[in-house]
Amino acid sequence: MNEDNQTTKSQVKLVEVTDNNSDQRLDNFLISQLKGVPKSHIYRIVRKGEVRVNKGRVDVKYRLVVGDIVRIPPIRLAESTDIVFVKQSLRDALQQGILYEDDGLIVLNKPAGYAVHGGTGIDSGIIEGIRVMRPEAHFLELVHRLDRDTSGCLLIAKKRSALRSLHELFRTDQVQKTYLALLSGQWARKKLVVTAPLLKNINKGGERIVVISQAGKEAETSFKRLQLFNDATLVEASPKTGRTHQIRVHAASLGHPIVGDDRYGLDDTNKNFKKRGYNRMFLHAETLKFQHPTTGVMMTISAPLPQQLQNLLQHEQTL
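None of these values were measured; they are calculated from a predicted model. (Residues numbered from 1 in each chain as written. Predicted model: local features only at pLDDT ≥ 70, side-chain atom pairs only at ≥ 80, totals over all residues. Heavy atoms only, no water.)

## Let's talk about the sheet that holds strand β3 (residues 52–53)
Either a parallel or an antiparallel arrangement is found when strands of a sheet pair, and the pairing is made through backbone hydrogen bonds. The 3 strands are arranged β2-β4-β3 in an open sheet whose pairing can be described as antiparallel. Edge positions in the sheet fall to β2 (13–16) and β3, since each has one partner strand and no second. Across the sheet, helix α1 (residues 26–33) lies against β2, β3 and β4 (69–72), angled at about 55° from β4, the strand it touches most. (Pairing = 2+ DSSP bridges. Helix = DSSP H or I, 4+ residues; strand = E, 2+ residues; numbered from the N terminus. Contact = heavy atoms within 4.5 Å. Axes fitted to C-alpha atoms, helices over the stretch in contact; angles between N-to-C directions.)

Quick look at the structure:
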């Protein structure tokens, strides 16, 4: 091959799954094995049957088992795709945002405005940024997700065993999550538990939305009023379950959507608040409480409300 050629071609690889990758989804395993290869290409080679597990075709959702033999086909890719660009503003925010870290996990104060991972139209997200900043780390994976415009506590696992344990805690609703949200309008209640089931849907524009439907999955969010303002209400929202957009949809169902929520909110209301400096959705993952996967100690980690949101609240007229 010409040395000036900017493409390289890997060889067929047969990789035996060890305990480090046990119970990992095939797509996530391939992403870690094929660094720099676009996700769309990884999904394509699985769909075409070029990736085999124990000589058979499998779906990207297949969960690996110790001893599985994964066949990874030759991949031709531009060398430049190995380089992940991470904005300096994101690097700075990540460096300053580590709330807690040990051998097994990181709790990060996620900045608003960044997706938790790269994807269609997004070069890089939080997890890619952390990996670039920690090139020596062998394992860094998201434990859960936060919406792009949500700030606050985000868990990242540094070991496969920690990821499995934390996933189980989330799956069985053993992680206590507390959010701060500013609702539009004056919410008359002091406390309310919303149990409306949620269903993922696709609207006409191809955008994923979540709707309340009896055909959906059970969902439960507790709302507690903290402070009443002239035309807004600061609440504490505690989701017992972890459905997509759960707090946002449940808040909208109260007739008081979250300020700045461009998907479930009110356009006129959002425009009014934007004029006053609310340039993002006012939803912040304030606290995570969970049992440490290694020590068993109960951990309570809190992320301070971003200064910008604190400043905006100070200018609101209270009742």
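## Some details on helix α5 (residues 160–171)
The end-to-end C-alpha distance of α5, which contains 12 residues, comes to 16 Å, matching closely the 16 Å that a straight helix rising 1.5 Å per residue would cover. Among all positions of α5, only R160, A162, L163, L166, L169 and F170 are buried. Residues of α5 that are buried make contact with β7 (105–110), β8 (141–142), β9 (151–157), β10 (176–184) and β16 (283–291). A positive backbone phi angle near 55° is found at D173, which sits one or two residues after α5. (Expected span 1.5 Å × (residues − 1). Buried < 20%, exposed > 50% of the residue type's maximum accessible area, 1.4 Å probe, protein only.)

## A look at the environment of I45
Mapped onto the secondary structure, I45 falls in helix α2 (residues 39–47). On a C-alpha basis, the gap between I45 and H144 in space is 26 Å, while along the polypeptide they are 99 residues apart.

## Comments concerning the UniProt feature "active site" (unreviewed entry) in the protein chain
Per the UniProt entry, the sites bearing "active site" (unreviewed entry) are D147 in this numbering. Tracing the backbone through its elements, the reader meets D147 in the loop between β8 and β9. (UniProt positions renumbered as here; feature names shortened; annotations may be inferred.)

## Regarding the domain arrangement of the protein chain
Looking at the protein chain, the domain boundaries give domain 1 (13–72) and domain 2 (88–315). If you average the C-alpha positions of domain 1 and of domain 2, the two centres end up 30 Å apart. The partner domain 2 presents 5 residues to the 7 residues of domain 1 that form the contact. Taken together, both faces of the contact between domain 1 and domain 2 bury some 540 Å²; the carbon and sulfur share is 36%. Here domain 1 and domain 2 share 1 salt bridge between them. Salt-bridge contacts for D19 lead to R164; the nearest nitrogen and oxygen are separated by 3.8 Å. Remark: the boundary between domain 1 and domain 2 carries 3 residue pairs in polar contact (both at pLDDT 80 or more). (Domains from an automatic or database assignment. Buried area = accessible area lost by both parts, 1.4 Å probe. Salt bridge = Lys/Arg side-chain N within 4 Å of Asp/Glu carboxyl O. Polar contact = N/O pair within 3.5 Å; in protein donor to acceptor, adjacent residues only side chain to side chain.)

## Quick notes on the packing of aromatic side chains
This structure, assessed with the given rule, holds 3 aromatic pairs. Ring centres of F273 and Y278 lie 5.3 Å apart, and the angle between their planes is 85°; this geometry places the pair in the edge-to-face category. Relative accessible area serves as the criterion here: at 1%, F273 is assigned to the buried category. Relative to F282, the ring of Y278 has its centre 6.4 Å away and its plane inclined at 40°; by these criteria the two rings are tilted. What links up through ring pairs into an aromatic cluster is the set F273, Y278 and F282. For the cation-ring pair, R276 lies above F273, with the distance from its terminal atom to the ring centre recorded as 4.3 Å. (Phe/Tyr/Trp six-rings, centres within 6.5 Å; stacked < 30°, edge-to-face > 60°. Lys NZ or Arg CZ within 6 Å of the ring centre and 35° of its normal.)

## Things to note about the pattern of salt bridges
Applying the stated criterion across every chain yields a total of 11 salt bridges. As a salt-bridge pair, E101 and K158 come within 2.9 Å of each other at their nearest N and O atoms. Linking E101 in strand β6 (residues 98–101) with K158 in the loop between β9 and α5, this pair joins segments that are 57 residues apart in sequence. Exposure remark for E101: the relative accessible area of 31% places this residue in the partly exposed category.

## Considerations on unusual backbone geometry
The phi dihedral of D23 falls on the positive side, at around 75°, and the residue is not glycine. Along the polypeptide, D23 turns up in the loop between β2 and α1. Despite not being glycine, H245 has its phi angle at roughly 55°, a positive value. Residue placement: H245 occurs in the loop between β15 (232–239) and α6 (246–253).

## What about the packing of α1 against α2?
Packing of α1 against α2 brings their axes to within 10 Å, and their N-to-C directions diverge by 125°. For the element pair α1 / α2, the angle class is oblique. You can see that α1 and α2 cross each other, and the crossing is right-handed. Here L26, D27, L30 and I31 of α1 come into contact with α2, specifically with K39, I42, Y43 and V46. The class makeup of the residues in the contact of α1 with α2 is 6 nonpolar, no polar and 2 charged. (Parallel < 35°, antiparallel > 145°, perpendicular 65-115°, else oblique. Left-handed = near helix turned anticlockwise from the far one by under 90°. Nonpolar A, V, L, I, M, F, W, Y, C, P; charged D, E, K, R; others polar.)

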